[in-house]
Amino acid sequence: MKLGEAIEHGKVDKNSPYPPQMNGEDGADELAKQALDNGVTPSDILTEALVPAMDRVGQQFSENKIFVPQMLLSAKAMSAALSHLKPFFQSGAVKTKGTFIIGTVKGDLHDIGKNLVAMMVEGGGWTIIDLGVDVHEDTFNQTVAENPGAIVGLSALLTTTMTSMEEIVKKIKEVHPDTKVIVGGAPLNDDFRVKIGADFYSPDPRGAVEYLKEFAA
Ligand code: B1M
């Protein structure tokens with residue numbers, strides 16, 4: 001899909017000057033809209049174009065073929081495409097099932113996966129409180145105190161911030177022992193979830209949505 005190439009090369013929209021070899025061509029913004037207009041489902045756009053493109057970006061970064069600025073442009077292009085998918089993931093549900101507090105853990109600035117989880121959980125009928133990125137344990141605890149019964153979701157993309165996640169889970173459980181905590185992010189697995197005392201690990205947004213059904217009001 002051409003959309004995947006636009007994400008991979010960081011072509012945000014038609015007017016973006018980068019990359020020069022794609023000057024004047026449609027970017028992720030236009031291509032995502034066209035795909036939807038042509039009847040491609042939002043979930044196919046996500047799983048067949050956007051996510052594989054970001055995987056390729058990660059691979060190239062690992063091989064030193066691209067650097068942080070290019071990775072940032074790809075993230076921007078991905079966000080432009082996601083803005084068109086958002087209404088589809090969020091549609092149809094009445095927000096009565098409960099409150100889901102989500103954030104990327106302290107030290108970590110990656111928010112695309114976290115935003116996707118938030119979008120899909122919202123689509124599953126939950127009210128979302130998105131605390132953003134680089135979120136400290138005190139902010140999570142304060143937000144739980146203000147929203148009794150809320151469930152917390154933590155995202156971490158760096159092996160270094162898995163340690164932050166562990167600290168945050170510990171502090172949440174100390175102050176609010178009954179609060180359920182869901183964790184996710186590329187470097188995690190269920191063994192790590194068990195080690196840090198979180199309640200559930202999901203490799204993708206769908207798993208989080210399914211788990212939350214158990215606690216729906
Ligand atoms: Co960064 N980065 N990055 N990066 N980046 C990775 C994660 C990396 C794997 C790239 C690589 O080396 N191959 C690597 C981490 C290595 C490691 O720790 N093992 C890395 C690095 C090293 C860094 C920097 C340190 C680079 C530097 O400065 N030298 C730096 C760190 C900054 C910081 O956070 N403090 C950095 C910076 C950045 C950008 C800012 C440039 C940008 C992020 C922009 C943004 O998010 N707004 C960026 C990007 C784009 C990436 C890659 C290429 C793509 C991440 C992404 O958005 N993936 C990434 C490589 C990769 O993942 N292939 C990489 C798409 C997204 C849909 O997937 O986030 O995994 P993901 O979310 C998935 C699941 O994990 C899951 O559901 C989502 C959908 O399926 N999920 C959950 C996520 N959270 C969940 C929560 C849940 C449930 C499921 O419940 C609560």
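Up top you'll find the structure we're talking about.
Residues numbered from 1 in each chain as written. Predicted model: local features only at pLDDT ≥ 70, side-chain atom pairs only at ≥ 80, totals over all residues. Heavy atoms only, no water.

### Topic: the overall build of the protein chain
- Counting its regular elements, the protein chain contains nine helices and five strands.
- When the helices and strands of the protein chain are listed from N to C terminus, the series reads α-α-α-α-β-α-β-α-β-α-β-α-β-α.
- Computed over C-alpha atoms, the radius of gyration of the protein chain comes to 18 Å, within 12% of the 17 Å expected from 2.2 N^0.38 for 217 residues, which places it in the range of a compact globule.
- The principal-axis extents of the C-alpha atoms in the protein chain amount to approximately 55 × 40 × 25 Å.
- Long-range pairs, those at least 24 residues apart, make up 67% of the contacts in the protein chain between residues at least 6 apart in sequence.
- Accessible surface for the protein chain amounts to roughly 10,700 Å². Of this, 54% is attributable to carbon and sulfur atoms.
- Side-chain charges in the protein chain split into 20 positive and 30 negative, and the spacing between the mean points of these groups amounts to 2 Å. (Helix = DSSP H or I, 4+ residues; strand = E, 2+ residues; numbered from the N terminus. Rg over C-alpha atoms; globule rule 2.2 N^0.38 Å. Contact = heavy atoms within 4.5 Å. Areas by Shrake-Rupley, 256 points an atom, 1.4 Å probe, with all protein chains shown as cover. Lys, Arg positive; Asp, Glu negative; His and termini not counted. Charge placed at Lys NZ, Arg CZ, Asp CG, Glu CD.)

### Describing the pattern of salt bridges
- All chains considered together, the criterion is met by twelve salt bridges.
- With its nearest N and O atoms 3.9 Å apart, the salt bridge here joins E25 to K2. Placement of the pair is E25 in the loop between α1 (2-9) and α2 (28-37) and K2 in helix α1, with a sequence separation of 23 residues.
- With a relative accessible area of 48%, K2 lands in the partly exposed category.
- Here R193 ties to D190 by a salt bridge, and the two come within 3.0 Å at their closest N and O atoms. Here the residue R193 and the residue D190 both occupy positions in helix α8 (residues 190-196), the gap between them amounting to three residues, near one helical turn. (Salt bridge = Lys/Arg side-chain N within 4 Å of Asp/Glu carboxyl O. Buried < 20%, exposed > 50% of the residue type's maximum accessible area, 1.4 Å probe, protein only.)

### Re helix α3 (residues 42-62)
- Taking 1.5 Å of rise per residue, the 21 residues of α3 would be expected to cover 30 Å, and the 29 Å separating its terminal C-alpha atoms lies within 8% of that figure.
- Three or more residues of α3 are buried, namely P42, I45, L46, A49, L50, A53, V57 and Q60.
- Taken together, the buried residues of α3 touch α1, α2, α4 (68-90) and α5 (112-123).
- Just beyond α3, the residue with positive phi is N64, at close to 60°. (Expected span 1.5 Å × (residues − 1).)

### Looking at the coordination of the cobalt atom of the ligand
- Its sole protein donor being H110 (NE2), the cobalt atom of the ligand sits 2.2 Å from that atom.
- You can see H110 is positioned in the loop between β1 (99-104) and α5. (Donors = N, O, S within 2.8 Å, 3.2 Å for Na, K, Ca; no water.)

### Regarding the site of the ligand
- Within the structure, the ligand sits among 34 residues, and S62, L109, H110, D111 and S155 are positioned closest to it.
- Within the contact set of the ligand, a nitrogen atom lies 2.8 Å away from a side-chain nitrogen or oxygen of H110.
- Broken down by secondary-structure element, the contributors of at least two residues to the shell around the ligand are α3, α4, α5, β3 (151-155) and β4 (181-184).
- Of all the elements, α3 adds the most residues to the shell around the ligand, at six residues. (Near = heavy atom within 4 Å. Polar contact = N/O pair within 3.5 Å; in protein donor to acceptor, adjacent residues only side chain to side chain.)

### Structural notes on the side chain of K114
- Tracing the chain through its elements places K114 in helix α5.
- When residues no more than four places from it in sequence are discounted, the contact partners of K114 are I102, G103, T104, D130, G132 and S155.

### Structural notes on the nonpolar core
- Formed by 38 residues in total, the largest nonpolar core has its most connected members in L3, I7, L46, L50, L82, L85 and F100.
- Counting only elements with at least two residues in this core, the list comes to α1, α2, α3, α4, β1, α5 and α9 (205-213).
- Look past the residues within four positions of I7 in its chain and what remains in contact with it is A28, L50, A53, M54, V57, S74, A77, M78 and A81.
- Residues V144, L154, A156 and I196 belong to the second largest nonpolar core, which totals 21 residues. (Core = buried A, V, L, I, M, F, W, Y, C linked by side-chain atoms within 4.5 Å.)

### A few points about the pairing of β3
- Of all five residues in β3, five are buried, a share of seventy percent or more.
- With five bridges connecting them, β1 and β3 associate as parallel partners. Within β3, the residue paired with G103 across the bridge is L154.
- Bridging between β3 and β4 involves four bridges; their strand directions are parallel. Each residue of the ladder has a partner; that of S155, found in β4, is G184.
- For the segment spanning β3, helix α7 (residues 162-175) and β4, crossover handedness is right-handed. (Pairing = 2+ DSSP bridges. Right-handed = clockwise from strand over helix to strand, strands pointing away.)

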